[in-house]
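Letter by letter, the chains look like this.
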Amino acid sequence: RYKEEAGKIYGLVAGEWQELTDDEIENLKESFKAQNIENLRAFRPGEIEVKIVKDGEEEEKPLRSWNDGYYLYPDGFKQVIYVKKV
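Residues numbered from 1 in each chain as written. Predicted model: local features only at pLDDT ≥ 70, side-chain atom pairs only at ≥ 80, totals over all residues. Heavy atoms only, no water.

Caption draft 1: Geometry of the sheet that holds strand S2 (residues 8-13). Spatial strand order, S1-S2-S3: three strands in an open sheet with antiparallel pairing. Single-partner strands in this sheet number two, and they are strand S1 (2-5) and strand S3 (16-19). For this sheet, the mean inter-axis angle between neighbouring strands, taken without regard to orientation, is 35 degrees. Where S1 and S2 come together, four bridges link them in antiparallel fashion. Bridge pairing in S2 places Lys3 opposite Tyr10. (Pairing = 2+ DSSP bridges. Helix = DSSP H or I, 4+ residues; strand = E, 2+ residues; numbered from the N terminus. Axes fitted to C-alpha atoms, helices over the stretch in contact; angles between N-to-C directions.)

Caption draft 2: Quick peek at the environment of Pro45. Tracing the backbone shows Pro45 in the loop between helix H1 (22-41) and strand S4 (48-54). Taking relative accessible area as the criterion, Pro45 reaches 77% and is therefore assigned exposed. Between the alpha carbons of Pro45 and Asp68 there is a distance of 20 Å; along the sequence they are 23 residues apart. (Buried < 20%, exposed > 50% of the residue type's maximum accessible area, 1.4 Å probe, protein only.)

Caption draft 3: Inspection of unusual backbone geometry at higher detail. One non-glycine residue, Ala6, lies in positive phi territory at about 55 degrees. The topology assignment puts Ala6 in the loop between S1 and S2. Assessed through its relative accessible area of 84%, Ala6 is described here as exposed. The backbone of Ala14 shows a phi angle near 50 degrees, a positive value even though the residue is not glycine. Structurally, Ala14 is set in the loop between S2 and S3.

Caption draft 4: Here's a closer look at the sheet that holds strand S5 (residues 64-65). With mixed pairing, the four strands of this open sheet are ordered in space as S4-S7-S6-S5. Strands with a single pairing partner mark the edges of an open sheet, and in this sheet they are S4 and S5. Seen against the sheet, H1 touches S5, strand S6 (70-73) and strand S7 (76-85) and runs at an angle of roughly 75 degrees to S7. (Contact = heavy atoms within 4.5 Å.)

Caption draft 5: Region of the structure containing H1. Along its 20 residues, H1 runs 28 Å from first to last C-alpha, staying within 8% of the 28 Å computed at 1.5 Å per residue. All of the buried residues in H1 are Ile25, Lys29, Asn36 and Asn39. Taken around the axis of H1, the buried residues stretch over an arc of 90 degrees, which confines them to a single face. Away from the buried face of H1 by more than 90 degrees, exposed residues Asp23, Asn27 and Arg41 are located. Residues of H1 that are buried in the fold lie against S2, S5, S6 and S7. (Expected span 1.5 Å × (residues − 1). Arc of directions from axis to C-beta.)

Printed below as a string of structure tokens:
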């Protein structure tokens, strides 16, 4: 689990909220991404969310996002593809 307070990201570690540095968040994302790619290459089930967003609708706001399609949400890292419905 993750949360943002006062512009800082916290992770739930052993039942306690701990502030995460940008480097720690980046390392966690890269670890998640590597595992996701390994699962795809091994034809193991993976999870990629595809969200269709209608014009005028708000997208769910992630705590952090990266240009490679990975996002950090309160419930963890996800690979998400947003499709705008026109």
